[in-house]
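A closer look at the structure
Single-letter residue listing:
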Amino acid sequence: MAVEQKSRESIILLVLASLALMTMFIEIMLVPALPAMIQDFPQQANWIPWVLSIYMLVGAVVTPLVGKLGDMHGKKRVLIAVMIVYLIALLGGGFSITISNALFGTTSIFVLLFFRALQGIGMGMFTLAFGIVRDTFPPKKVPMAIGIISSMFAVGVSIGLIGGGWITSVGKWNDAFYVVSVPFFILTVASAYVIRETSVPQRGSLDVPGAFLLGAGIFLFLFSLVQGEEAGWSSASFIAPIVLSLVLLVSFVLVERRAREPIVRPSLFKNRGIFGANVVALFVGITMFMVFQTLPFFLMTPTFAGGLFGLEDTLEVGIYMLPNAIATLIFSGIGGMQARRTGAFKVLITGMAILSAGFVSLLVFHSTFLELALSQAILGAGIALCMVSLINVVVESCPKSEFGVASGMNTLFRIVGGSIGPVLATAILATNTIAFGSMVLYTEEGYVQAWAVGLAFALIGLAASIFLRPREVCSVDDLVSADQDADGTKL
């Protein structure tokens, strides 16, 4: 019986880890193709960064709601429903140009953005996966299982850059959606067959007003950046949406303080560790996606405009970004082991320091492939350490009874940062362009300015990780031992 239980746990972990890997692969696979996508949407090129941002923005809004639905109706049931929606969104993304031409008689990026927004619902799968692990595995195995699933984020990023580059080099960007739909369908069937519903449905309510105010506030903030880029930073088109954004976000804070079951629980911010982890998660998301938004364009910008190679093949872009992926893969494993030994906050501080050093290196060293490879490796190492340590910081900082809400909040802040990063980077790049025939190219000065802003955010995140660190922290292993002692069991 024990052997059968261990076997089932291993299969469940394999399915959930594969789900995390596949989702991150899908999230990153279009990064090498972003510059090439402009060819299909030449009149709507300023909306290209939203291919990444809209996915993250919707994910930020729905992740807490999906987690709550899992508590109310069963985590497995909600997970399968979300996976089906995600699969439909993948197929819709692949056929978006066909659908656009059929509906409007022309190619519109907004059809693609609609299906990318629908994909954002899938970000809630992470919270459900962590909850299923918590319900299924014995306490001593929970940190290990969460660590393996978290490390798959890095693996997905690693193979997503090169895999996405290859797929889009032999075909088009929409072919990537078709390719990933097949393994994701298999994962959906496997999840329905392997995972058992173990949690008891609970009564509760959804904080729909809070979710709406948060989503609308962030959307208007990002939209104001696009309008500022087009109409000018002193225009009403920029000022009006950003003022309304601030009003909505302030309203969100007020609503959350009175909500019966808020998506962001204000009381948890009294916990120094959780507050610090959420602040850092925001800046990790911003800086990580500023890197992913700028590097492909830099690699494909001609040398006369200040780019590196003027690459035309998306596979080459993926290959040239491989140092980032390899470093991410290696250091995710190192960070996971070190977090268990010394405490996740120490790893988080180290990660933010390395991420800051990576931006410094990128600002100074980006003239040759070896220089860029070095800078990318440093950035990848920092990103990996931050990503792996964030979830374990939550484990260390809150009681088990609050883990679900606290982990959902941390994911929310990271995703919000991820939605801001691409639009912010593009807004900076757009202020530094030159005309080349019918094309508009970003200049080296624009990339340098974007990376300098990235460095500033990384340093703020580093300061937050240092000054908001709890005065007393223990390792994940210590917490597991304490939990088991309390239960009267031994490791």
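The structure presented is a predicted model; accordingly, all values stated were derived computationally and were not measured. All residue numbers refer to positions counted from 1 along the written sequence of the respective chain. Note on the predicted model: pLDDT of at least 70 is required for a residue's local features to be given, and 80 or more for side-chain atom pairs to be given and counted; whole-chain, interface and lining totals, by contrast, use all residues. Note: side-chain values were computed over all heavy atoms of the structure, leaving out hydrogens and water.

Lining residues are defined by having an atom within 4 Å of a point belonging to a cavity or pocket. Those points lie on a 1 Å grid over the protein atoms alone, cavities being sets where a 1.4 Å probe fits but cannot get out and pockets being open sets with protein on both sides within 12 Å along at least five of seven lines. Grid points are joined across faces, edges and corners, and a volume is the space filled by probe spheres set on the points. Here the structure, examined in full by the defined rule, presents 3 cavities of 30 Å³ or more. A volume near 110 Å³ is recorded for the largest cavity. Lining the largest cavity, in full, are F126, F130, F153, M387, L390, I391, S407, N410, T411 and R414. Helix numbers and strand numbers start at the N terminus; a helix is a DSSP run of H or I with at least 4 residues, a strand a run of E with at least 2. Among the elements of the structure, α7 (124-136), α16 (369-397) and α17 (403-429) are those that each provide at least two residues to the lining of the largest cavity.

Here is the rule: rings of Phe, Tyr and Trp (six-membered ring for Trp) pair when centre to centre is within 6.5 Å. Planes less than 30 degrees apart are stacked, more than 60 are edge-to-face, and the remainder are tilted. A complete count under the given rule lists 18 aromatic pairs for this structure. An angle of 55 degrees between the planes, with centres 5.1 Å apart, marks the rings of F95 and Y178 as tilted. Linking F95 in the loop between α4 (75-94) and α5 (96-104) with Y178 in helix α9 (residues 175-194), this pair joins segments that are 83 residues apart in sequence. Classification of Y178 by relative accessible area gives partly exposed; the value is 29%. Summarising the aromatic geometry, the rings of Y320 and F369 are spaced 5.0 Å apart at their centres and angled 85 degrees between planes, so their arrangement reads as edge-to-face. With a gap of 49 residues between them, Y320 in helix α13 (residues 314-320) and F369 in helix α16 connect regions that are remote in the sequence. Only protein chains enter the calculation, and the probe is 1.4 Å; a residue is then buried if its accessible area is under 20% of its type maximum, exposed if over 50%, and partly exposed in between. Judged by its relative accessible area of 31%, F369 is partly exposed. Three or more aromatic residues joined by ring pairs make a cluster, and in this case those are W47, W50, F110, F219 and F223. If you follow R116 out to its NZ or CZ, it ends over the ring of Y55, 4.6 Å from the centre. Any Lys NZ or Arg CZ found within 6 Å of a ring centre and within 35 degrees of that ring's normal is scored as a charge over the ring.

Next up on the list: α4. Between its first and last C-alpha, α4 extends 29 Å over 20 residues, near the 28 Å set by a 1.5 Å rise per residue. Extensive coverage of α4 is indicated by the burial of 14 of its 20 residues. Expected span, for any helix, means 1.5 Å times one less than how many residues it has.

Below, the discussion takes up the packing of helix α12 (residues 272-300) against helix α18 (residues 444-467). When two helices pack together, you describe them by how their axes are tilted relative to each other and by the distance separating the axes. At a minimum axis distance of 9 Å, the contact between α12 and α18 shows a crossing angle of 165 degrees. The orientation of α12 relative to α18 falls into the category roughly antiparallel. Our pair here, α12 against α18, has a crossing hand that is left-handed. Packed against α12, whose contacting residues are R272, V279, V280, F283, I286, T287, M290, T294, L295, F297 and F298, the element α18 presents Y447, A450, W451, V453, G454, F457, A458, I460, G461, A464, S465 and F467 at the interface. Looking at the contact of α12 with α18 residue by residue, the class counts come to 17 nonpolar, 5 polar and 1 charged. All axes are obtained by fitting lines to C-alpha atoms, using only the stretch in contact for helices, and the reported angles, taken between N-to-C directions, cover 0 to 180 degrees. Angle categories are assigned with fixed cut-offs, so that under 35 degrees is roughly parallel, over 145 is roughly antiparallel, 65 to 115 is roughly perpendicular, and the rest are oblique. Handedness of each helix crossing follows the sense of rotation of the near helix against the far helix: counterclockwise by less than a right angle gives left-handed, clockwise gives right-handed. Note on contacts: a residue pair qualifies if any of its non-hydrogen atoms lie within 4.5 Å across the two residues. Note on residue classes: Ala, Val, Leu, Ile, Met, Phe, Trp, Tyr, Cys and Pro are nonpolar, Asp, Glu, Lys and Arg are charged, and everything else, Gly too, is polar.

Ranked by internal contacts, the top residues of the largest apolar core, which has 152 residues, are L16, W50, L79, W173 and F184. Looking at this core element by element, the count peaks at 17 residues for α12. Once residues lying within four places of it in the same chain are set aside, the contact partners of L79 are L16, L19, M125, L128, I132 and I195. Side-chain atoms within 4.5 Å link the members of a nonpolar core, which is a set of buried Ala, Val, Leu, Ile, Met, Phe, Trp, Tyr and Cys residues.

Salt bridges are counted wherever a side-chain nitrogen of Lys or Arg sits within 4 Å of a carboxyl oxygen of Asp or Glu. In total, this model carries 3 salt bridges according to the counting rule given. Among the salt bridges present, the one from K75 reaches D71, with a minimum N-O distance of 3.4 Å. For K75, a relative accessible area of 7% translates into the label buried. Between D135 and K75 there is a salt bridge whose closest N-O contact spans 3.0 Å. Placement of D135 in helix α7 and of K75 in helix α4 is noted, with a sequence separation of 60 residues between them. Beyond isolated ion pairs, a larger network of salt bridges with shared partners links D71, K75 and D135.

Let us look at α7. Compared with an ideal rise of 1.5 Å per residue, which puts 13 residues at 18 Å, α7 spans 18 Å between its outermost C-alpha atoms and is within 8% of the ideal. By the criterion of burial, α7 is predominantly enclosed, with 11 of the 13 residues buried. Those residues of α7 that fall on the buried side of the exposure criterion are G124, M125, F126, T127, L128, A129, F130, G131, I132, V133 and T136.

To continue, consider the packing of α4 against α9. Where α4 contacts α9, the two axes come as close as 9 Å, and the packing angle between them is 165 degrees. Classed by the angle they form, the pair α4 and α9 counts as roughly antiparallel. As for the relative orientation of α4 and α9, their crossing is left-handed in sense. Touching K76, I80, M83, I84, Y86, L87, L90, L91, G93 and G94 of α4 are F177, Y178, V180, S181, F184, F185, L187, T188, S191 and A192, all from α9. Looking at the contact of α4 with α9, its residues break down into 14 nonpolar, 5 polar and 1 charged.

Let us now look at the confidence of the model for the protein. Residue-level confidence of the predictor, termed pLDDT, takes values from 0 up to 100. Here the protein averages 81 in pLDDT, and 88% of its residues register 70 or above. Across residues 474-491, where pLDDT falls below 50, the model places 30 contacts with residues more than four positions away in sequence or in other chains.

Bringing the environment of P32 into the picture now. By secondary structure assignment, the location of P32 is in the loop between α1 (2-28) and α2 (34-37). Linking P32 and V317, residues 285 residues apart in sequence, is a C-alpha distance of 5.7 Å.

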